[in-house]
Amino acid sequence: MPETILVIGSNGQIGTELVAELRRINGGSNVIACDIKEPDYDTLNAGPFEFSDVLKKENLKALFQKYRPTQVYLLAALLSAVGEQKPKMAWDLNMNGLFNVLDLAIEFQVKKVYWPSSIAVFGPHSPQFNTPQYCVMDPNTVYGFSKLAGERWCEYYFNKYGLDIRSIRYPGLIGWKAAPGGGTTDYAVHIFHEALQKGTYESFLSADTALPMMYMNDAIRATIQLMDAPAEQLTIRSSYNLGGISFTPDTLAAEIRKHIPDFKISYSDHDLRQAIADSWPKSIDDSQAQKDWGWEIEYDLAGMTRDMLQNLKDIKISN
Ligand code: SER
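So, here's what we can say about the structure.

Thresholds, definitions, all that
- Residues numbered from 1 in each chain as written.
- Predicted model: local features only at pLDDT ≥ 70, side-chain atom pairs only at ≥ 80, totals over all residues.
- Heavy atoms only, no water.
- Patch = residues over 30% accessible without salt bridge, like charges linked within 9 Å, V, L, I, M, F, W, Y side chains within 5 Å.
- Areas by Shrake-Rupley, 256 points an atom, 1.4 Å probe, with all protein chains shown as cover.
- Salt bridge = Lys/Arg side-chain N within 4 Å of Asp/Glu carboxyl O.
- Helix = DSSP H or I, 4+ residues; strand = E, 2+ residues; numbered from the N terminus.
- Pairing = 2+ DSSP bridges.
- Contact = heavy atoms within 4.5 Å.
- Axes fitted to C-alpha atoms, helices over the stretch in contact; angles between N-to-C directions.
- 1 Å grid on protein atoms, 1.4 Å probe; cavity = no way out; pocket = protein on both sides within 12 Å on 5 of 7 lines; lining within 4 Å.
- Points joined across faces, edges and corners; volume = space filled by probe spheres on them.
- Parallel < 35°, antiparallel > 145°, perpendicular 65-115°, else oblique.
- Left-handed = near helix turned anticlockwise from the far one by under 90°.
- Nonpolar A, V, L, I, M, F, W, Y, C, P; charged D, E, K, R; others polar.

**Re a nonpolar patch on the surface**
- Together, Ile106, Trp153, Tyr156 and Tyr161 give the surface a local cluster of nonpolar side chains, amounting to about 370 Å² of exposed area.
- With 3 residues, the single largest contributor to the nonpolar patch is helix H6 (residues 142–161).
- Topologically, tryptophan 153 is positioned in helix H6.

What follows is the structure in structure tokens.
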């Protein structure tokens, strides 16, 4: 029996790439993309698309009724930087969107649910280096504590109702197919575009701000690998740490300079995102993901930089 997969929040940075990969694996018509906005041309033409707001439960329910999904991915969320501009809205979307999906997943007997968490669940008193799966967690952004609360609810629904829910704490994600959606790690995507277009970039994070990051190819592979893993192998039903590669704006700029020797980076002062970045881990211990479902990273800093620049150059040429 083919899976019927509903992806809620399909137009964002993760959704755009995830939908394409899920359609490649499962067939276009078996993956229903849904978002509040019209998707790009490729997503719209490669399979079904529905307008839906995750906060409108009745509309969402109609989609569950229409398609009877066997798997649901909930990606709709407000990220860290935007969340600080609209704190109540971020809480509402990130929490009530999750409740709507969890409850409908139970009502419609969805087999598996995926929901992303983030390194933002950690805070200033969490260990900064090689941050373990279990430690002090005192997130101080609305995004961070909505994700932490969401993790607790996911584990609760698993324990109490047997809902097979799986989750990853993503590091900052870097991809070329879609723009990032207002996070603190967005600089690591913008820098590539501006390096190619202008040869310069003003970073809103300071030169030595190390953060865990991951190339989108690895993130999508991790997500599908976790969803495919046998349930009995999974020991974490809140959310798995995932480490990726840790680097600073300065190191990334040096790597870009290997391809664009004249590239220049400068740094802005007093950006609100600096305080958010300073409260997050610099590197992450993901040994539990390695142990439970065989996680292994493929792209290092050099591989990611090469691939990003090549793909962005190709798009520019074909435009
Ligand atoms: N990339 C996200 C952000 O910066 C972290 O999960 O908000």
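Continuing now.
**Details of the sheet that holds strand S5 (residues 112–114)**
- Taken in spatial order, the 6 strands of this open sheet run S3-S2-S1-S4-S5-S7, and their pairing is parallel. Each edge of the open sheet is held by one strand with a lone partner, namely strand S3 (49–51) and strand S7 (165–166).
- On the sheet, helix H1 (residues 13–26) packs against strand S1 (5–8), strand S2 (31–35) and strand S4 (71–74) and is oriented at approximately 165 degrees with respect to S2.
- Against the sheet, helix H5 (residues 87–107) engages S1, S4, S5 and S7, with an angle of about 175 degrees to S4.

**Topic: empty space enclosed by the protein**
- Throughout the structure, instances matching the rule amount to 1 cavity of 30 Å³ or more.
- In this structure, the largest cavity encloses a volume near 50 Å³.
- If you go around the largest cavity, the residues you meet are Leu74, Leu75, Ala76, Ala77, Leu93, Asn94, Gly97, Leu98, Trp115, Pro116 and Lys147.
- Looking at the lining of the largest cavity, the element that brings in the most residues is H5, giving 4 residues.

**Remarks on the sheet that holds strand S9 (residues 172–174)**
- Strand order in this open sheet of 3 strands is S9-S11-S13, and the pairing throughout is mixed. The open sheet has two edge strands with one neighbour each: S9 and strand S13 (245–247). Neighbouring strand axes in the sheet, compared pairwise and without regard to direction, differ in orientation by 45 degrees on average.
- Looking at chain direction, strand S11 (residues 211–215) and S13 are connected through 3 bridges and run antiparallel.

**Remarks on the packing of helix H7 (residues 187–197) against helix H9 (residues 249–257)**
- Two elements in contact, H7 and H9, have axes whose closest approach is 11 Å; the angle formed by their N-to-C orientations is 30 degrees. In terms of axis orientation, H7 runs roughly parallel to H9. Handedness of the crossing formed by H7 with H9: right-handed. Touching Tyr187, Ala188, Ile191, Phe192 and Ala195 of H7 are Pro249, Leu252 and Ile256, all from H9.
- Counted by class, the contact of H7 with H9 contains 8 nonpolar, no polar and no charged residues.

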